[in-house]
Amino acid sequence: MSESVHTVTALPTERRTDCPFDPPAELLDARRHGPISRCTHPGGKPGWLVTGYELVRSVLADPRFSSRKDLLNVVDFELPPAPPGEFLLMDDPEHSRYRKPLVGRFTVRRMRMLTERIEQITAECLDAMEAGGTSADLVTAFAKPIPTIVICELLGVPYEDRASFQEQIDAFMGGEVSDEELIAAYTATQEYLARLVAAKRAHPTDDVLSELTDSDLTDEELKGISLILLAAGFDTTANMLSLGTYALLRNPDQLAALRADPSLTDGAVEELLRYLSVAKTFHRTALEDVELGGQTIAAGTTIVLSYHTANRDPERFADPHALDLSRQAAGHLAFSHGIHQCLGQQLARVEMRVAFRALVDRFPALRLAVPAEEVVLRPESADIFGVKSLPVAWDAK
Ligand code: HEM
């Protein structure tokens, strides 16, 4: 094994406040040294960090690397296996047993059919913002409600339960509460989903969860699937909408180009996904000794894959740290690659295309309501990157 391999001592590292959209300097530095570095996991265990686009992509397509939660080798104690239905942290064949019945429900065609409904939800949020004056927190007024309502519709959460359900998932995933409140919100969400599954089995309605009751999946498994849809689909999309808007406001030439040319919208969404990579890093564990980028990853070692630095790899994307809405960003790894590639990506694309377009059309003079340095960002330790709040203002009509 090479002695000269670069080492990143502690993960995660913080971002520079003047470049909040860029990966932490230590990770960019690691990629400059080569696509793979040694690292120490926050729990103290030694591991590897993969930062180059080609190498990250190759790991994601390699069945010798596992996503299993119980194999994660980052802390001193053993982790339990993922609960039934939570297939993000499972390998095939268990993983595909859960994913397969869902795939047909998340196709491009099915998601396009949802477009009209998403346009309506977005318009309602914008109407409420306008009715409330000439300023708002874009996170609470726009970025969170849109994906929350969409998930509620997918799962068939009855209208009368939505307000309390939204509060719970915000506490459980918004990252703004104490540990006790987090556990209480998590438990309440689990209990609510168990009741919802039972209700859908007894009286199916027109939604994905009801359709799934017509399969061999147990109630416990359906609860796990619902939880994973919620966990994977809410915070990611909400932060793409809020951080994406912040990035556009900090790049006024790009915002002006998007406003002027609706045909840029689809490409703009891909570029924002690449540039921001809010789902920054994921883990995989070697099931056997694997040669990777000139290093041997010993069986049982957990590696960190940085999707963000991969998406900023100059060998794959020219001038990677520039937000350029007209570039060909397709092929980015913001939705991952391989068997765990995001199941909800077509839905997320529809939500972002509709929401960004409607926002720039409705508020031509949208601007930050505070100096940029006062916008509070999440710490790098958060699973999903984003802004905590985004005060914006616009002109009265
Ligand atoms: C912009 C928003 C989104 C981003 C950036 C995103 C990103 C990702 C990423 C990176 C993964 C793969 C993780 C890995 O490699 O281990 C993933 C998986 C997943 N995502 Fe998304 N996601 C988004 C929206 C959604 C939505 C809206 C849904 C559904 C409602 C969803 C459902 C899922 C599910 C179920 C998985 C697990 C797939 C599997 O393990 O086979 N995501 N997502």
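Refer to the preceding data block for the structure.
Residues numbered from 1 in each chain as written. Predicted model: local features only at pLDDT ≥ 70, side-chain atom pairs only at ≥ 80, totals over all residues. Heavy atoms only, no water.

Engineer: Now, about the coordination of the iron atom of the ligand: what can you tell me, with residues and values included?
Structural biologist: Looking at the iron atom of the ligand, one finds just one donor atom contributed by the protein, Cys342 (SG), at 2.3 Å. Note that Cys342 resides in the loop between α14 (307-311) and α15 (345-362). (Donors = N, O, S within 2.8 Å, 3.2 Å for Na, K, Ca; no water. Helix = DSSP H or I, 4+ residues; strand = E, 2+ residues; numbered from the N terminus.)

Engineer: Lay out the sheet that holds strand β6 (residues 281-286) in plain terms, naming residues and giving numbers.
Structural biologist: One open sheet accounts for six strands, arranged β1-β2-β3-β9-β6-β4; its pairing is mixed. Two strands lie at the open edges of the sheet, namely β1 (7-8) and β4 (65-66), each paired on one side alone. For β1 and strand β2 (residues 36-40), the ladder comprises two bridges, and the chain directions are parallel. Its bridge partner being in β2, Val8 is matched across the sheet by Cys39. The strands that helix α2 (residues 53-60) touches are β2, β3 (46-50), β4, β6 and β9 (302-306); relative to β9, the one it contacts most, it runs at about 125 degrees. (Pairing = 2+ DSSP bridges. Contact = heavy atoms within 4.5 Å. Axes fitted to C-alpha atoms, helices over the stretch in contact; angles between N-to-C directions.)

Engineer: Break down the nonpolar core for me, with residues and values.
Structural biologist: Membership of the largest hydrophobic core comes to 88 residues, with the highest contact counts inside it found for Phe142, Leu155, Leu230, Leu276 and Met352. With 15 residues, helix α11 (residues 219-249) is the largest single contributor of residues to this core. Aside from chain neighbours lying at most four places away, what touches Leu276 is Phe21, Met240, Leu243, Gly244, Ala247 and His308. Ranked by size, the runner-up nonpolar core spans 20 residues in total, among them Tyr53, Leu55, Tyr307 and Phe317. (Core = buried A, V, L, I, M, F, W, Y, C linked by side-chain atoms within 4.5 Å. Buried < 20%, exposed > 50% of the residue type's maximum accessible area, 1.4 Å probe, protein only.)

Engineer: Would you mind going over the sheet that holds strand β5 (residues 135-137) in detail, with residue names and values included?
Structural biologist: If you trace the three strands from one edge of the open sheet to the other, you get β5-β11-β10, paired in antiparallel fashion. Both edges of this open sheet fall to β5 and β10 (367-368), since each of them pairs with a single strand only. When β10 meets strand β11 (residues 391-393), the two strands line up antiparallel, connected through two bridges. Bridged to Arg367 within β11 is Ala393.

Engineer: Just give me the short version of the packing of aromatic side chains, but keep the residues and values in it.
Structural biologist: All told, the structure shown has six aromatic pairs when counted by the stated rule. Ring centres 5.9 Å apart and planes at 90 degrees place the aromatic pair Tyr53 and Phe317 in the edge-to-face group. In this pair, Tyr53 sits in helix α2 while Phe317 sits in the loop between α14 and α15, placing the two residues 264 residues apart along the sequence. Each member of the pair, Tyr53 together with Phe317, is buried. Over the ring of Tyr53 we find Arg316, and its NZ or CZ is 5.0 Å from the ring centre. Note that Arg316 overlies the ring of Phe317, its terminal NZ or CZ placed 4.6 Å from the centroid. (Phe/Tyr/Trp six-rings, centres within 6.5 Å; stacked < 30°, edge-to-face > 60°. Lys NZ or Arg CZ within 6 Å of the ring centre and 35° of its normal.)

Engineer: Can you break down the environment of Thr301 residue by residue, with the values?
Structural biologist: Within the secondary structure, Thr301 sits in the loop between β8 (295-297) and β9. Residue Thr301 is classed as buried on the basis of its relative accessible area, which comes to 14%. When the C-alpha positions of Thr301 and Leu287 are compared, they lie 8.3 Å apart, and in sequence the two are 14 residues distant. Those residues in contact with Thr301 that sit more than four places away from it in its chain are Pro46, Gly47, Trp48, Asn73, Arg284, Thr285 and Ala286. From its side chain, Thr301 meets the backbone oxygen of Ala298 in a polar contact 2.8 Å long. (Polar contact = N/O pair within 3.5 Å; in protein donor to acceptor, adjacent residues only side chain to side chain.)

Engineer: Can you tell me about the layout of surface pockets, naming the residues and giving the values?
Structural biologist: In this structure, the second largest pocket occupies an estimated 380 Å³ of space. Around the second largest pocket, the lining is made up of 15 residues, and of these Leu114, Glu153, Leu154, Asp206 and Asp207 lie nearest the centre. Within the residue set of the lining of the second largest pocket, elements represented by two or more residues are α4 (108-113), α7 (145-155) and α10 (208-212). The element contributing the most residues to the lining of the second largest pocket is α4, with three residues. Grouping the constituent residues of the lining of the second largest pocket by class yields five nonpolar, two polar and eight charged. (1 Å grid on protein atoms, 1.4 Å probe; cavity = no way out; pocket = protein on both sides within 12 Å on 5 of 7 lines; lining within 4 Å. Points joined across faces, edges and corners; volume = space filled by probe spheres on them. Nonpolar A, V, L, I, M, F, W, Y, C, P; charged D, E, K, R; others polar.)

Engineer: Can you explain the side chain of Gln190? Please cite residues and give values.
Structural biologist: Within the secondary structure, Gln190 sits in helix α9 (residues 179-202). Of note is the side chain of Gln190, whose polar atom sits 2.9 Å from the side chain of Tyr186. Aside from chain neighbours lying at most four places away, what touches Gln190 is Lys223 and Leu227.

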